[in-house]
Amino acid sequence: IIQRDESPMEKGLSGLRGRDFELSDVFYFSKKGLEAIVEDEVTQRFSSEELVVTLAFIGIGLLVMGTTLVGQLPESSLKNWLSELVHLTCCRICVRALSGTIHYHNKQYKPQKGGICVANHTSPIDVLILTMDGCYAMVGQVHGGLLGIIQRAMVKACPHVWFERSEMKDRHLVTQRLREHIADKKKLPILIFPEGTCINNTSVMMFKKGSFEIGGTIHPVAIKYNPQFGDAFWNSSKYNMVSYLLRMMTSWAIVCDVWYMPPMTREKGEDAVQDGGLKRAKVKDTFKEEQQKNYSKMIVGNESLNSEAN
Amino acid sequence: MGSRASTLLRDEELEEIKKETGCEFGQITRLYSRFTSLDKGENGTLREDQVNFRGFMRTLAHFRPIEDNEKSKDVNGPEPLNSRSNKLHFAFRLYDLDKDDKISRDELLQVLRMMVGVNISDEQLGSIADRTIQEADQDGDSAISFTEFVKVLEKVDVEQKMSIRFLH
């Protein structure tokens, strides 16, 4: 509908760095605000629904095809490389379909091979978001339906650890298989959502202690969604997966921050139960605050010069 | 709240909006579908401040570029919403929170606070506000009237800064 003005804040405010506040600054902000209301990046040619559903189909279709193809190859590093490529590409397409904007923080702590990645779980999209930045081996229950097809396809290309529902009850079996997986240093880091169910995006509950009995290096990751742009919480008793996904796709955007945290290993003698009492933390919402910070930097720099001159 | 049907755009409304804002039919209908997709509560208004579609279009009309007026110049009609003077009025009203036609120090402080968040101290913000008022105030009432506001901004390219490029 409109052509957005992409110039950065400094240019839009007729900026040399460190200029004073002026009454005309309000033009820039009100213009930007209105532009954002009228249009976002997806609503350009197609109607947003068409585009988004198309992208999702392409993404999933490619994933299934790609992994099946790669699965035909014999074990080799080429196969692993291809498998990662397929996963990453398809993920990116799917995230685009959800109009996602994701910021990764502290990339130096990204989970490594042979480790365990532990993240809070707000919605099924969490998996997509993490996989965009790196490949993981999934752990979880075998599902029927669409998810089941995707799961089976992914297993062909690189090893994941899927369990039948009955097996999940046997904690020893689960622990054993996970241990085997991480012992193999070439295998991708395991991705675990310890809470089991989705929490609604306000605080990180105590991680179930089972995750810590496996040992190995644990890489905590926090995923925080910006609720202003779309509520990612999935109430599975209210919506089924498909209608949830459709809601997500047609909502304005999914904006989230992913924080990688320094890896931890279990100290000798530390109990798994203790570990479970991790962080009841609220990850900070910095989206608006970043804008405010930048603007403040601009006008304050010059102000202090002014007061010195006077 | 009324059924969904009552919030669909009627032809007479379309005509009125077109006259008032100067936008074309195609643009208005596309903006209407955008509006409805944002209107989650399905009650014809957007969020907290309860802007209905007319209000939304009126606000948006202030941001039309002035060149667009060349085509549909109606000399006898009312001043278009996107004239320089009306754009300035719009901006003035953003600052003039209590609508008394003056921007007081308090109002300026409030707006500044919204723009910088928590990153600047009250003291510093106060001195920024004082300086701004000092530079603009001509009749010595420690507030900025609309005339003074216009004077301060006379060198600013308002037309360009307050324009959104609409595609046809």
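Just so it is clear, the structure is predicted and the values come from calculations on it, not from any experiment.

A.B. asks: Outline the overall build of chain A, supporting the account with residue identities and numerical values.
C.D. replies: The helix and strand inventory of chain A stands at twelve helices and nine strands. The contacts in chain A between residues at least 6 apart in sequence include a share of 77% that link residues at least 24 apart. Accessible surface for chain A amounts to roughly 16,300 Å². Of this, 58% is attributable to carbon and sulfur atoms.

A.B. asks: Describe the overall build of chain B, with residues and values.
C.D. replies: Counting its regular elements, chain B contains eight helices and five strands. Listing the helices and strands of chain B from first to last along the sequence gives α-α-β-β-α-α-β-α-α-β-α-α-β. Buried positions account for 43% of the 168 residues belonging to chain B. For chain B, the exposed surface amounts to about 9,800 Å²; the carbon and sulfur share of it is 51%.

A.B. asks: Help me get a handle on the packing of aromatic side chains, residues and values and all.
C.D. replies: Residues and elements named next belong to chain B. For the structure shown, the criterion picks out eight aromatic pairs over all chains. Ring centres 6.2 Å apart and planes at 40° place the aromatic pair Phe-53 and Phe-56 in the tilted group. Of this pair, Phe-53 and Phe-56 both sit in helix α3 (residues 53-61), three residues apart, which is roughly one turn of the helix. Both residues of the pair, Phe-53 and Phe-56, belong to the buried class. Three or more aromatic residues joined by ring pairs form one cluster here, namely Phe-92, Tyr-95, Phe-146 and Phe-149. Just above the ring of Phe-25 sits the side chain of Lys-18; from NZ or CZ to the centre is 5.3 Å.

A.B. asks: Residue-level account of the UniProt feature "domain: EF-hand" (unreviewed entry) in chain B, with values.
C.D. replies: All names here are of chain B. The positions that UniProt labels "domain: EF-hand" (unreviewed entry) are, in the present scheme, residues 83-118 and 124-159. Here residues 83-118 runs as 67% helix and 6% strand, with 35 Å between its end C-alpha atoms. Helix makes up 61% of residues 124-159 and strand 6%, with an end-to-end C-alpha separation of 31 Å.

A.B. asks: How would you sum up a nonpolar patch on the surface? Please name residues and give values.
C.D. replies: Taken together, the side chains of Ile58(A), Leu62(A) and Met65(A) define a hydrophobic patch exposed on the protein surface, amounting to about 270 Å² of accessible area. With relative accessibility at 52%, the residue Met65(A) sits in the exposed group.

A.B. asks: Break down the packing of helix α2 (residues 25-38) of chain A against helix α2 (residues 25-38) of chain B for me, with residues and values.
C.D. replies: The interhelical angle for the contact between α2(A) and α2(B), taken along N-to-C directions, is 85°, at an axis separation of 9 Å. In terms of axis orientation, α2(A) runs roughly perpendicular to α2(B). Side by side, α2(A) and α2(B) meet where Ala36(A), Ile37(A) and Val38(A) of the first sit next to Leu31(B), Arg34(B) and Leu38(B) of the second. Residues that form the contact of α2(A) with α2(B) fall into these classes: five nonpolar, no polar and one charged.

A.B. asks: Describe α3(B), listing the residues and the values that go with them.
C.D. replies: Within an α-helix, residues lying three or four positions from one another point in the same direction, as the helix has 3.6 residues per turn. For α3(B), the tally of buried residues reaches seven of nine residues, placing the bulk of the element in the interior. Here α3(B) has its buried residues at Phe53(B), Arg54(B), Gly55(B), Phe56(B), Met57(B), Leu60(B) and Ala61(B). At its buried positions, α3(B) is contacted by α2 of chain A together with α1 (11-21), α2, β2 (51-52) and β5 (165-166) of chain B.

A.B. asks: Just give me the short version of the interface of chain B and chain A, but keep the residues and values in it.
C.D. replies: Contacts between chain B and chain A engage 40 residues on the former and 35 residues on the latter. Between chain B and chain A lies a buried interface of about 3,400 Å² when both sides are counted; carbon and sulfur atoms form 68% of it. The interface formed by chain B and chain A includes zero salt bridges. Taken together, the links from chain B to chain A amount to two residue pairs in polar contact (both at pLDDT 80 or more). Among the elements of the structure, α2, α3, α4 (84-95), α5 (105-116), α6 (122-136), α7 (146-152), α8 (158-161) and β5 of chain B are those that each provide at least two residues to the side of chain B that touches chain A. Of all the elements, α5(B) adds the most residues to the side of chain B that touches chain A, at five residues. Residue composition of the side of chain B that touches chain A, grouped by class: 27 nonpolar, seven polar and six charged.

A.B. asks: Before we move on, could you go through the confidence of the model for chain A and cite the residues and values that matter?
C.D. replies: Detailed reading of predicted coordinates is not advised where the pLDDT is low. Residues and elements named next belong to chain A. For chain A, per-residue confidence averages 66 on the pLDDT scale, and 48% of positions sit at 70 or higher. Mean pLDDT across the elements of chain A bottoms out in helix α11 (residues 272-276) (40) and peaks in α2 (82). Below a pLDDT of 50 lies the segment residues 196-208, which in the model reaches 37 contacts outside its immediate sequence neighbourhood of four places, other chains included. Across residues 268-285, confidence stays below pLDDT 50; counting only partners more than four residues off in sequence or on other chains, it has 26 contacts.

Criteria and thresholds
- Residues numbered from 1 in each chain as written.
- Chains lettered and ligands numbered in written order.
- Predicted model: local features only at pLDDT ≥ 70, side-chain atom pairs only at ≥ 80, totals over all residues.
- Heavy atoms only, no water.
- Helix = DSSP H or I, 4+ residues; strand = E, 2+ residues; numbered from the N terminus.
- Contact = heavy atoms within 4.5 Å.
- Areas by Shrake-Rupley, 256 points an atom, 1.4 Å probe, with all protein chains shown as cover.
- Buried < 20%, exposed > 50% of the residue type's maximum accessible area, 1.4 Å probe, protein only.
- Phe/Tyr/Trp six-rings, centres within 6.5 Å; stacked < 30°, edge-to-face > 60°.
- Lys NZ or Arg CZ within 6 Å of the ring centre and 35° of its normal.
- UniProt positions renumbered as here; feature names shortened; annotations may be inferred.
- Patch = residues over 30% accessible without salt bridge, like charges linked within 9 Å, V, L, I, M, F, W, Y side chains within 5 Å.
- Salt bridge = Lys/Arg side-chain N within 4 Å of Asp/Glu carboxyl O.
- Axes fitted to C-alpha atoms, helices over the stretch in contact; angles between N-to-C directions.
- Parallel < 35°, antiparallel > 145°, perpendicular 65-115°, else oblique.
- Nonpolar A, V, L, I, M, F, W, Y, C, P; charged D, E, K, R; others polar.
- Buried area = accessible area lost by both parts, 1.4 Å probe.
- Polar contact = N/O pair within 3.5 Å; in protein donor to acceptor, adjacent residues only side chain to side chain.
- pLDDT = per-residue confidence, 0-100.

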